[in-house]
Every structure is written in C-alpha cells, then in structure tokens.
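Here are the chains, one letter per residue:
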Amino acid sequence: MPSLCVFGAQWGDEGKGKIIDRLAREADVVVRYQGGANAGHTVVVGDETYILHLVPSGILHPGKVNVIGNGVALDPFKLLEEVDKLHARGVHVAGDNLRLSSAAHVIFQHHQRLDALSERWKGAGRIGTTGRGIGPCYADKASRTGLRVADLLDPDRCRERLGAALAEKNAQLTRLYEEQALDPGRQMERYQGLAARLSEFVGDTGAEVRAAYAAGRRILFEGAQGVMLDLDHGTYPYVTSSSTGVNGIASGAAFPPNRIDRAVGIAKAYCTRVGEGPFPSEDTGPDGERIGRAGREFGTTTGRPRRCGWFDAVAVRYALELNGAEGWVMTKLDVLSELSEIRAITAYRVRGARRESYPAELASLRGVEVEHEVHAGWQEPIDHVRAYADLPRRARDYVEQIEERVGSPVLMISVGPERDQVIPRGL
Ligand code: IMP
C-alpha cells in the first residue's frame, strides 16, 4: 500500500471511518484532503465510540501521523474541541501525530451565519447543508477573500484580511439579510486567541506527505462525504463544495496525482442520503423505515434522520469508474438481515429511455424511474460472521449479484460497527 485513497461511493455516510481506522493499521500517514466538520466519521473500539469530524481516523492508532491538508475547510474551534475530547479519553494528540496545513482555509463565524441565511433565502430550493459554513468558506477561497491558517498565525495579516472580509460580509448580513453585523474587533480576538494552540500542529503538510511517500512510507488518503456529493461530479447543485473522490487529492493534499497508487470505494449494502436532492433508489415506505431503524441512520454531525433506500448499482458503478477504483468495501450488510426481500436498482429510465450509466444532467433525474431486481433475504443474524464462506447462501448470492451489477470486486464486507466485524475478501 504505497498510497491508497479510500472514498465514499454514494452520498456520504458509507461507514468510511471504521474502514479507514482498520486500514490505518497498515499505513504510516493518514491524510484528510477535503471537506470539513460537515463529516462525521464513527469509529467503535470496544465499548468506546469516537466520532471524528476533522481529525483523520488514524488518530486512534499510536505512531501514525494524521494530516489535515490544505483542501480542508477548517473550523479551528471544532478542531480544538475534538483534540480536547480525544485528550480527555487518553488519546495522544500533539504536533508529532497531528499535522495541519498552513494553507487550509479557515471557517469563521460569518461563514456559518451566511450558510444558514443563504439556506433560508433559497427556501424550497435549499440544499439542506449541515450548516457548518463549508460552502461559504470554499466560496471565499475561490473569490480570493478567504483567510488561511497561516493568516491566523500572523496577527497583523489576520487583522487586515479579516477586517476586509468582514466589511463585505457585514454589508451582506445587514443589507441583504437584515441581520446584525459582526464586530471585527471581537472576531479578531475570538480567532486570534486560538493561534497559539493551533501553531503546534501547523506546517507545510504537502511537503511532509510527499517526503514521507518518497521515503517509502505508506500513505492513506481519507475521503469525506461521497462521490455523489462531489462538487463537479455529484448531483449538482445538491452537493457539498469540495472534490470528494481521488480528484480532490492533488489539489487538497498537494500530492502528485501520478503517485496515487490505489483507490478503493466504500458503499453501504443499501443507500442513504441526508439533505435535499435526487435520490433515485429512495424508499419512503415501511422498508425504508425499517432500514433506517436497523442501520441507526441518523446524521453523526447534525442528528438529522437520513433518507433511506436500496442499493443503486448505477450510482456506485459510476462512482467507482470515475475514481479508477480497483474494488470496493460493502458496509452494513448486517442491516438487511431482517428483510424478507431486498431490492437493488439495476438501471434508470429517463424519459422512457433505459440507461445503466449515470446521467450527467441533474434535470434528467427529475422524474427518473428505476428498474430493480428483487433478492431473497437471508433473515438470520450475520454480525458474528468473519469468513465469507460462513455467510448464509442468500447473503452470498446478494453480494455476488451486486458485485456483478457494479462490475467491480467487493474486497471486504462489514457486518457491524466494531473494528473486527469484517469479512476480508482481498483487502
Ligand atoms: P454542506 O457540505 O454542509 O454544504 O452540505 C451540502 C450537502 O452535503 C447536504 O446535502 C449535506 O447533507 C451533505 N453532506 C455534507 N457532509 C456530509 C456527510 O459527511 N455525510 C453525508 N452528507 C453530507
């Protein structure tokens, strides 16, 4: 595993945290390259459950270096809160095992406010964001008005850039949204107060990761959200504001794309989505509800109930192909155990025409119809199974038929939240 990217192949919440925590055992460096505290990666270790929003999922393994790359939208309060929580639970987090890019853009209070206000403004056309300020922060990055971690560490530069940013944002807050302005002095104090604590982690992480790779160390890139939420390739505009797949690594981790040696997708044995936007395989009936209950499908970041539906082979095939994945991990297969019949989407019908490839135009997904196949459920617990041959025959049939539909091998199956609840199949 010289360098490996693990990414979500659906709409996020595929169970990446657990798989990355597991793969981190064989890595030296774990790198987050996009997104921010909109992510919520859950790792269960014995009786302890850790929910990580910004800190990479390798942190629970001693001796690994965890990197927050320049492509991450960093909420410094959330980061330090997470570090404190880890400390309180006896996890070592310091400048030697957590690195933060000096070029990561900082999320300020005005970004969070504007995230909420812009959603309110959009009304029925809202995206259903996590409200973490992610979109406004990336928008400022592209508009070249944002502040980076390095700016936070330099008081004069911070005052100048934050002052300039707030002049514009306050006009927006007061004149467009008729809300109160933010006081530049107080904002400066609030964020500058964190600089001393952050500085221990800050460095040129791109150079550090490239040097580690050149020295033969194993790099694991941890994708957040999922390909169907990718800014360019997802269900735009109902997406997040970053590049969620392998495509985000070159810019978000400052790592050469031709040194990304392997890519593996993660997808649940069914499908969920939070927020608004098209979801062709959604099941709003009792089966969808049952899946949500069995899978405890509530957002780890927002607590919102997730919309539930069936495995969508069209979407997953697209996500894996787009990212050059050598295979994928099927998670939460155990959640389907109580169902007597399991559906899987095999093709779409767009204005009467059958298609097995994902339509690039969101408009095509309006009123999309789906073709599905029905699999017989196995209706027995599988959370104790650790070898593929020990799965009930019907569960194996399900995995193999899905695998064929997707056209890419299932390299591992996850059958529960615990670290060891996996069935290896080549990964
Ligand atoms: P934002 O990333 O907060 O701007 O939200 C944009 C869209 O991405 C919304 O539909 C969110 O629900 C979704 N989203 C963002 N982060 C995650 C995640 O980690 N899991 C699942 N959905 C997410």
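A brief look at the structure comes next. These figures come from a predicted structure and were not determined experimentally. (Residues numbered from 1 in each chain as written. Predicted model: local features only at pLDDT ≥ 70, side-chain atom pairs only at ≥ 80, totals over all residues. Heavy atoms only, no water.)

## Observations concerning the pattern of salt bridges
Applying the stated criterion to the full structure yields 27 salt bridges. For the salt bridge of D28 with R218, the shortest nitrogen-to-oxygen distance reads 3.2 Å. You can see D28 sitting in the loop between α1 (16-23) and β2 (29-32) and its partner R218 sitting in the loop between α9 (205-214) and β10 (219-222), a full 190 residues away along the chain. Owing to a relative accessible area of 30%, R218 belongs among the partly exposed residues under this scheme. Residue R126 is joined to E276 by a salt bridge in which the shortest nitrogen-to-oxygen separation is 3.7 Å. (Salt bridge = Lys/Arg side-chain N within 4 Å of Asp/Glu carboxyl O. Helix = DSSP H or I, 4+ residues; strand = E, 2+ residues; numbered from the N terminus. Buried < 20%, exposed > 50% of the residue type's maximum accessible area, 1.4 Å probe, protein only.)

## Concerning the packing of aromatic side chains
If you walk through the whole model with that rule in mind, you get 11 aromatic pairs. Ring centres of Y318 and Y358 lie 5.2 Å apart, and the angle between their planes is 20°; this geometry places the pair in the stacked category. Pair noted here: Y318 is in helix α12 (residues 313-322) and Y358 is in the loop between β17 (353-355) and α13 (362-365), with a separation of 40 residues, a long-range link. Of the residues examined, Y318 reaches a relative accessible area of 18% and is grouped as buried. (Phe/Tyr/Trp six-rings, centres within 6.5 Å; stacked < 30°, edge-to-face > 60°.)

## Some thoughts on the site of the ligand
Taken together, the neighbourhood of the ligand is formed by 15 residues, with D13, N38, T130, T240 and R304 sitting nearest. Between the ligand and N38, the relevant distance is 2.9 Å, taken from an oxygen atom to a side-chain nitrogen or oxygen of the residue. Separating an oxygen atom of the ligand from a backbone N or O atom of G128 is a distance of 3.4 Å. Starting from 470 Å² of accessible surface for the ligand in isolation, the protein chains cover 97%. Looking at the shell around the ligand residue by residue, the classes come out as six nonpolar, seven polar and two charged. (Near = heavy atom within 4 Å. Polar contact = N/O pair within 3.5 Å; in protein donor to acceptor, adjacent residues only side chain to side chain. Areas by Shrake-Rupley, 256 points an atom, 1.4 Å probe, with all protein chains shown as cover. Nonpolar A, V, L, I, M, F, W, Y, C, P; charged D, E, K, R; others polar.)

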